[in-house]
Amino acid sequence: HYYITNNLREMIFGLVHPLLDITAIVDQEYLDRYGLKENDGILAQEKHKEIYAELLNGCRYKVKKIPGGATQNALRIAQWYLKKKHATTIVGCIGGDKVGEDMREQLEREGCRTEYMVDPEATTGLCAVLISSGSNSRSLVTRLDAANLYKHSHLVSDSVWRCLEESSFFYMSGFMLNFSSDTMVVIGEHAVEKNKCFMLNLSAPYLSSLFKKVLPYCDIIVGNSDEAATLAKNFEFNTTELHDMIRMLADMPKVNEKRKRIVLITQQEDPVLVYSEGKTTEYPVLPISPEDIVDTNGAGDGFVGGFLASYALNKPLEDCVRNGIVAAHMIIQVCGCTLPIRD
């Protein structure tokens, strides 16, 4: 599933929460010490501050530092597939520290174009990814810091707006709605005006009132079954049937009538559901032995990255979905969003 894309003209632009993932395999005692649960994700509280100091400055666990943040990961994976330098543009806020600069350098080495806003007074966001030894379940503890300080003025600066104008696909997550919903609307309006593709990951369905602000611009919506169910409840769809939820989500008001909305819903080991052109199609995921699963944290990001890369190449929808499934299968067999080294 490598692509030769020297003639690629369609660039992907992402508004992201840039985070450094600090991944470690830990025992239950460590989770208990900080009151953490398996298969959970929380924002860091005061009692969690020591986690980052321990993992960054040396501890008894083997630690791996990898660029993270869901949207940034998806764009890194798309870039890995597309190969052409600067096929993806990553926009977000980092701190004026070595963590942020090291992350920028790694993404540039991977071929991504980074247009980070730098807040010299802030620290770059961190996510502790704590994988339970024996079960491969993970607990995420996120400290957003600079990631939450993105300013709209940065988007409309000459260099960043030029990147936006050169792009044909826009991808961002629901997490950005809390602090950048107006910026997302401006990107959506540009997508409608130029008939470009606007893709949104549900990510944070509890922000349902803000979703209503951005959904009219969405050409593609992606999420998992739990996120879809939460959004359906908040939107008062009055159904517990997943296929009905997807159809109703697809049928919500849309500004750009030139593009029919597509909805993609993943279900872990169950088939991916894809609603397009008035019908839902199921795509089975690839089988995998439990002992081959290392870390499920990046599965959704892998799916989006693989899908986006194919979609940017104007591949048939079925091929885009299958490539997303292949990418997710690849990512869950490594620690974090670790990209294979090319030959």
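Coordinates for the structure precede this section.
Notes on the structure in this doc start here. The structure presented is a predicted model; accordingly, all values stated were derived computationally and were not measured. Counting of residues starts from 1 at the beginning of each chain's written sequence and follows it residue by residue. Note on the predicted model: pLDDT of at least 70 is required for a residue's local features to be given, and 80 or more for side-chain atom pairs to be given and counted; whole-chain, interface and lining totals, by contrast, use all residues. Side-chain figures throughout are based on the complete set of non-hydrogen atoms in the structure, without hydrogens or water.

With that settled, the discussion passes to empty space enclosed by the protein. With a 1 Å grid laid over protein atoms only, a set of points is called a cavity when a 1.4 Å probe fits there but cannot get out and a pocket when it is open yet has protein on both sides within 12 Å along at least five of seven lines; lining residues have an atom within 4 Å of a point. Grid points are joined across faces, edges and corners, and a volume is the space filled by probe spheres set on the points. Within this structure, the stated rule accounts for one cavity of 30 Å³ or more. By volume, the largest cavity amounts to about 40 Å³. The helix and strand labels rest on DSSP assignments: H or I over at least four residues marks a helix, E over at least two residues marks a strand, and numbering proceeds from the N terminus. Secondary-structure elements contributing two or more residues to the lining of the largest cavity are α9 (225–234) and α10 (242–250). Put simply, Ala, Val, Leu, Ile, Met, Phe, Trp, Tyr, Cys and Pro go in the nonpolar bin, Asp, Glu, Lys and Arg in the charged bin, and everything else, Gly too, in the polar bin. For the lining of the largest cavity, the residue count by class is eight nonpolar, no polar and no charged.

This next bit is on the pattern of salt bridges. Just to be clear on terms, a salt bridge is a Lys or Arg side-chain nitrogen sitting within 4 Å of an Asp or Glu carboxyl oxygen. All chains considered together, the criterion is met by 12 salt bridges. In this structure, E29 engages R33 in a salt bridge whose closest nitrogen and oxygen atoms are separated by 3.6 Å. A residue pair is termed a helical-turn pair when its members lie 3 or 4 positions apart in one helix, as E29 and R33 do in helix α1 (residues 28–33) at four residues. Among the salt bridges present, the one from R104 reaches E101, with a minimum N-O distance of 3.6 Å. In this pair, R104 and E101 are both assigned in helix α4 (residues 98–109), three residues apart and thus about one turn of the helix distant. Counted as one network, the salt bridges with shared partners bring together E29, R33 and E54.

What follows covers α4. Any helix carries an expected span of 1.5 Å times its number of residues minus one. Helix length check: α4, at 12 residues, gives a terminal C-alpha distance of 16 Å against a target of 16 Å (1.5 Å per residue), a fit within 8%. Here the term buried applies to any residue with accessible area under 20% of the maximum for its type, exposed to any over 50%, and partly exposed to those in between, with areas from a 1.4 Å probe on protein chains only. Those residues of α4 that fall on the buried side of the exposure criterion are G100, M103, R104 and L107. Looking straight down α4, one finds its buried side chains confined to an arc of 100°; they lie on one side. Opposite the packed face of α4, turned more than 90 degrees from it, sit the exposed residues K98 and R109. Residue contacts are defined here by distance: any two heavy atoms, one from each residue, within 4.5 Å place the two residues in contact. Its buried side turned inward, α4 meets β2 (19–26), β4 (63–68), α3 (70–82), β5 (88–95) and β6 (113–119). Once α4 finishes, G111 follows within two positions and takes phi at roughly 105°, a positive value. Taken from the helix axis, the directions to the C-beta atoms give the arc we talk about.

This part covers unusual backbone geometry. Here the phi dihedral of K83 falls at roughly 70°; this positive angle occurs in a residue that is not glycine. The topology assignment puts K83 in the loop between α3 and β5. Judged by its relative accessible area of 38%, K83 falls in the partly exposed class. At D145, a position not held by glycine, the phi torsion is positive, near 45°. Examined against the element boundaries, D145 turns out to sit in the loop between β8 (138–143) and α5 (152–155). According to the relative accessible area criterion, D145 is partly exposed, its value standing at 29%.

Right, let's get into the packing of aromatic side chains. Classification of ring pairs rests on two measures: the distance between centres of Phe, Tyr or Trp rings, Trp counted by its six-membered ring, which must be within 6.5 Å, and the angle between planes, read as stacked under 30 degrees, edge-to-face over 60 and tilted in between. Applying the stated rule across the entire model yields eight aromatic pairs. The ring of Y52 carries the charged tip of R143 above its face, separated from the ring centre by 5.0 Å. Two conditions define a charge sitting above a ring: the NZ of Lys or the CZ of Arg must be within 6 Å of the ring centre, and it must be within 35 degrees of the ring normal.

Further remarks concern the sheet that holds β4. Any two strands between which DSSP finds at least two bridges are classified as paired. Spatial strand order, β3-β8-β7-β2-β4: five strands in an open sheet with mixed pairing. This sheet does not close on itself; its edge strands, each paired only once, are β3 (40–43) and β4. The mean angle between the axes of side-by-side strands here comes to 20°, regardless of whether they run parallel or antiparallel. In this analysis, axes come from line fits to C-alpha atoms, helices being fitted only over the stretch in contact, and the angle between any two N-to-C directions falls in the range 0 to 180 degrees. Helix α2 (residues 49–57) contacts β2, β4, β7 (125–132) and β8 of the sheet and is inclined by roughly 80° relative to β7. Each of β2 and β4 touches α3; the most contacted strand, β4, lies at about 85° to it.

The next subject is the environment of I77. Assignment of secondary structure puts I77 in helix α3. For the pair I77 and G14, spaced 63 residues apart in the sequence, the C-alpha separation amounts to 13 Å.

Further remarks concern the packing of helix α11 (residues 299–312) against helix α12 (residues 317–331). Two elements in contact, α11 and α12, have axes whose closest approach is 7 Å; the angle formed by their N-to-C orientations is 145°. For the element pair α11 and α12, the recorded crossing hand is right-handed. Contact with α11, carried on its side by A299, G302, F303, G306, F307, S310 and Y311, involves L317, D319, C320, V321, N323, G324, I325, A327, A328 and I331 of α12 and no other residues of that element. A class-by-class count of the residues in the contact of α11 with α12 yields 11 nonpolar, five polar and one charged. Note on convention: the crossing is left-handed when the near helix lies turned anticlockwise from the far helix by less than a right angle, right-handed when the turn is clockwise.

Turning our attention to the pairing of strand β14 (residues 279–283). Strand residues, when the strand is regular, have side chains that alternate between the two faces of the sheet. Inspection of the sheet shows strand β13 (residues 270–276) paired to β14 by five bridges, in the antiparallel sense. Its bridge partner being in β14, Y275 is matched across the sheet by T280. Connecting β13 to the antiparallel partner β14 that follows it, the hairpin turn spans two residues, and E277 within it adopts a positive phi of roughly 55°.

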